[in-house]
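Coordinate analysis (summary)
Spelled out from the first residue to the last, the chains are:
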Amino acid sequence: MSRHLRCERMFMPSVLAPGTHSIAVNGVAQHYHVSGIGPYCIAHAGGPGIDASYLRLPLLEKSLTMVYLDPIGTGSSGRLATHPQGYSVDRFSEQLLAFIDAAGIPDPYLLGHSHGAFVVLEAALKRPGGLAGLIMYAGTAYTGGAFMADASAEIAAFVARHAGTAEANAVERAWASIPTTRTDAAYTAALRDLLPAYMSDFRRWPDMLATLRRRLQATLLVDDGQVFDVRDRLATLQVPALVVTGTDDFILGPRHAALLADLLPQAQMRIFEKSGHFAHIEEACAFAEAVLRFTGRPGRALSGI
């Protein structure tokens with residue numbers, strides 16, 4: 001090996017150094033951002049099709065090294081050869097596990113939000129060893145049965161509560177448009193219009209709502225069409241788990257959290273009373289405190305906040 005090559009390797013940045021990185025994982029470019037100090041916690045965004053920009057958790061970065069993934073097919077990550085097809089929970093979970101191996105991350109916590117919670121749960125079921133714990137944020141063990149009918153009923157209730165407002169009209173139109181959406185731009189626009197329904201009270205946080213709308217970028221991805229159902233697989237999953245959601249989360253609220261907490265052998269549950277789908281924003285300090293207590297690092301958290 002030449003001296004030049006030895007020096008070049010010596011000064012190559014670590015794949016886990018603070019900052020933004022992209023590495024090849026399972027033949028796809030995996031983009032991610034590293035920030036913070038302490039044990040590793042990998043955050044997987046929801047959607048499917050939403051990049052990591054909305055899921056930044058600066059309060060956790062005080063005590064955890066946060067690794068924010070742009071799920072494949074979203075943000076700056078690469079796309080599957082079959083794009084927009086092929087983005088199943090199984091495929092996302094395989095990517096997550098391969099990323100852990102490729103980056104050499106020891107004993108990480110996995111934090112998954114919404115669809116991302118399905119992904120990290122599936123990854124843990126495939127490989128429970130070597131994980132410090134799971135943070136299941138707005139997740140569930142089952143999306144069959146009346147799952148979508150119940151969500152539609154909640155949307156109708158939101159529209160009725162806020163009848164005549166621009167937000168209610170936009171939410172109603174956006175929800176109806178989702179099944180026929182075919183472009184990334186239309187999908188992004190629909191999800192931005194739906195955001196008021198995802199919050200506990202959109203009128204309380206107008207600046208927060210405006211920021212979420214501005215940051216949210218979505219890619220239309222197609223999964224395998226299978227119902228997510230891991231209920232009969234959870235009894236043997238001996239990994240510590242924190243199950244969290246907001247009281248007013250219309251699609252993945254307390255009923256779904258309770259199902260997960262009941263089925264996971266080592267689960268604890270926390271419900272945020274003033275939150276919808278975005279407790280990490282709506283009740284940021286309480287959310288961070290719950291996660292940091294779960295990870296055993298409360299003394300380093302939130303002092304002076």
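Refer to the structure above for everything that follows.
Presented here is an overview of the structure given in this document. (Residues numbered from 1 in each chain as written. Predicted model: local features only at pLDDT ≥ 70, side-chain atom pairs only at ≥ 80, totals over all residues. Heavy atoms only, no water.)

Thoughts on the packing of aromatic side chains
- Taken as a whole, this structure holds 11 aromatic pairs when the rule is applied.
- Here the guanidinium or amino end of arginine 203 rests over the ring plane of phenylalanine 202, the centre of that ring lying 6.0 Å away.
- Geometry around tyrosine 142 places arginine 231 over its ring, the cationic atom sitting 3.6 Å from the centre. (Phe/Tyr/Trp six-rings, centres within 6.5 Å; stacked < 30°, edge-to-face > 60°. Lys NZ or Arg CZ within 6 Å of the ring centre and 35° of its normal.)

A word on the pairing of strand 4 (residues 65–69)
- Of all 5 residues in strand 4, 5 are buried; the element is thus mostly enclosed.
- Pairing analysis gives 5 bridges linking strand 2 (residues 28–36) to strand 4, with the strands arranged antiparallel. Residue pairing for strand 4: valine 34 is matched across the bridge by valine 67. (Buried < 20%, exposed > 50% of the residue type's maximum accessible area, 1.4 Å probe, protein only. Helix = DSSP H or I, 4+ residues; strand = E, 2+ residues; numbered from the N terminus. Pairing = 2+ DSSP bridges.)

Notes on the pairing of strand 2
- Here strand 1 (residues 19–25) runs beside strand 2; their pairing, made up of 7 bridges, is antiparallel. Its bridge partner lying in strand 2, glycine 19 is registered against valine 34.
- Joining the antiparallel neighbours strand 1 and strand 2 is a turn of 2 residues, in which asparagine 26 adopts a positive phi near 55°.

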